[in-house]
Amino acid sequence: MAEVNSGGGGGHGKHDKKRAKKMSTRIDMTPMVDLAFLLLTFFILTSTFNKPKALDLAFPAKPKDTDIVDKTKANGISILITGDDKVYWYPGQLKPESEVQKTDYSKNGLRMIFTNGNSKIIVKMNQLRKEAQGWNYAPAIADSIFKSKAKPIKGDPDALVVLIKADDKASYKNVIDVVDELNITDIGKFAIVDMTPEEKARLLTLK
Amino acid sequence: MPKVKLPRNSPSLDMTPMVDLAFLLVTFFMLTASFRAAEPVVVDTPSSISEVMLPDNYLLVNIDKDGKAFYNITNKNVRIATLDEMGRRYNIKFTDQQKKRFSVMTSFGVPIGQLPGYIDMNEGDRLKFKSEGIPMDSTDNQLGAWVLSGYKQYQINLAGKKQEAEAKKETFDAKKLKLKFAIKADSKATYQSVKKVIDVFTENEIYQFNMITTMEEKPKAK
């Protein structure tokens, strides 16, 4: 503003030393951009990491679901979960001569047992998944249709029935791990039930 | 001799489009992000391959590694109504101010006798407060009462919404708005303590749960 009057003579062009220096209109945007990207990173990370996932689980009604227990006679196995991350299993119903075997939560432990017992269903489910996959990752069928198709496959009478029994020392994580393995191996028929006194006694002899 | 001068190129490039995009994304993520208030309890959940998102309407019970239970329910109006009903049941008067503060709180884990004092605390004190968990013994089953009145008030709220939607001739998807029961337990919690909470639900004829887990990668099918 102070320079307004200084050009009084006018037309002197390059001799006029008092003329304002032409300032660049550019400003350094680096700090602003830094901040913008910092915020961007923060919001991306917090928005994706915050979403909790839910595992669907049904528990039997109080008058014990004897139906599902009876089914284990033919093609069922029981998983016994106890403290110190130990897990045991036996097929069918517990008889004095039946063998309670030790296993673990690794790929070669529980998952092997479930995959072997449920192989027919797994083949069918994989087939269904292939159909559902469609061309170039675009799903050929909708999620709800997939679910309704998967239901009868998982409910097949030949499907493996699993009873999960946890004792007082078992940790919650172990129970969820077993349920997770069941989901991985496409087992839809399972129940979380209380451990019977016979099974508890049997576990004590194994330790 | 005249010096050969190379025209000096400015090393700066036009960042404007990039900055535009960056700010656009910042704005988007800021607006879509939903902030959660600090929880009074830290729960380190186990992981599973489940990809199902937690639905918007839920009644949540947190269980920490010592087996203490914390209660939380979504929807502001339902929270106020639930607190009202619980106050009537246990003969505790809550002021309007307290109800308002309660409606924007997250989960809490104190017996109902301590609740008015707990609500009056400021945010910082509340986080430092050592909650003892909601009692759920058969003699003093407060958690059961919370679950039941929360569920009841939610149903009342839902019925009101349905009427409103019908009056406006809008479609009403009751299935989508159904209240889900979620349990968020620490992986170090014993199964027994989780079972105790599940028993509270099953006594009230609720058998279907969403167990909250963190996601883990699904193993490749052979």
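It should be emphasised that the depicted structure is a prediction, and the values quoted were computed from it without experimental measurement. (Residues numbered from 1 in each chain as written. Chains lettered and ligands numbered in written order. Predicted model: local features only at pLDDT ≥ 70, side-chain atom pairs only at ≥ 80, totals over all residues.)

## Observations regarding the pairing of strand E5 (residues 161-166) of chain A
All names here are of chain A. Where we set the bar: Our exposure labels follow a C-beta count within 10 Å of each residue's own C-beta, placed from the backbone: buried means 20 or more other C-beta atoms, exposed means 12 or fewer, and partly exposed covers the counts in between. Secondary structure follows DSSP: runs of H or I at least 4 residues long count as helices, runs of E at least 2 residues long count as strands, and numbering of each begins at the N terminus. Two strands are counted as paired when DSSP detects at least two bridges linking them. The handedness rule is simple: strands pointing away from the viewer, and a clockwise path from the first strand over the helix to the second, make the crossover right-handed.
The buried fraction of E5 amounts to six of the six residues, a majority that puts the element mostly inside the structure. Burial along E5 is two-sided: Val161, Leu163 and Lys165 facing one way and Val162, Ile164 and Ala166 facing the other are all buried. By the bridge criterion, five bridges tie E5 to strand E6 (residues 190-194) in an arrangement that is parallel. Within the sheet, the bridge partner assigned to Ile164 lies in E6 and is Ile192. Taking the sense of rotation as the criterion, the β-α-β connection linking E5, helix H6 (residues 172-184) and E6 turns out right-handed.

## Focus on the confidence of the model for chain A
Residues and elements named next belong to chain A. Heads up, the condition is: Each residue carries a pLDDT score, the predictor's own confidence in it, on a scale running from 0 to 100. Here, residues touch in the contact sense if the C-beta positions derived from the backbone fall within 7 Å of one another.
Looking at chain A, the pLDDT average stands at 75 and 77% of residues meet or exceed 70. For chain A, the element scoring lowest by mean pLDDT is helix H2 (residues 66-75), at 58; H6 scores highest, at 86. Below a pLDDT of 50 lies the segment residues 1-14, which in the model reaches five contacts outside its immediate sequence neighbourhood of four places, other chains included.

## A look at the sheet that holds E6(A)
Residues and elements named next belong to chain A. In plain terms, the rule: Lines are fitted to the C-alpha atoms to define the axes, a helix being fitted only along its stretch in contact, and any angle between axes, read from their N-to-C directions, falls within 0 to 180 degrees.
Across the sheet, which stays open at both edges, the five strands sit in the order E4-E3-E2-E5-E6 with mixed pairing between neighbours. One side of each edge strand has no neighbouring strand; the edge strands of this open sheet are strand E4 (101-103) and E6. For this sheet, the mean inter-axis angle between neighbouring strands, taken without regard to orientation, is 30 degrees. Relative to strand E3 (residues 86-91), strand E2 (residues 76-82) is paired through six bridges, and the arrangement is antiparallel. Looking at the pairing, Ile81 lines up with Val87 of E3. Where helix H7 (residues 197-206) meets the sheet, it contacts E2, E3 and E5, and its direction lies at approximately 65 degrees from that of E2.

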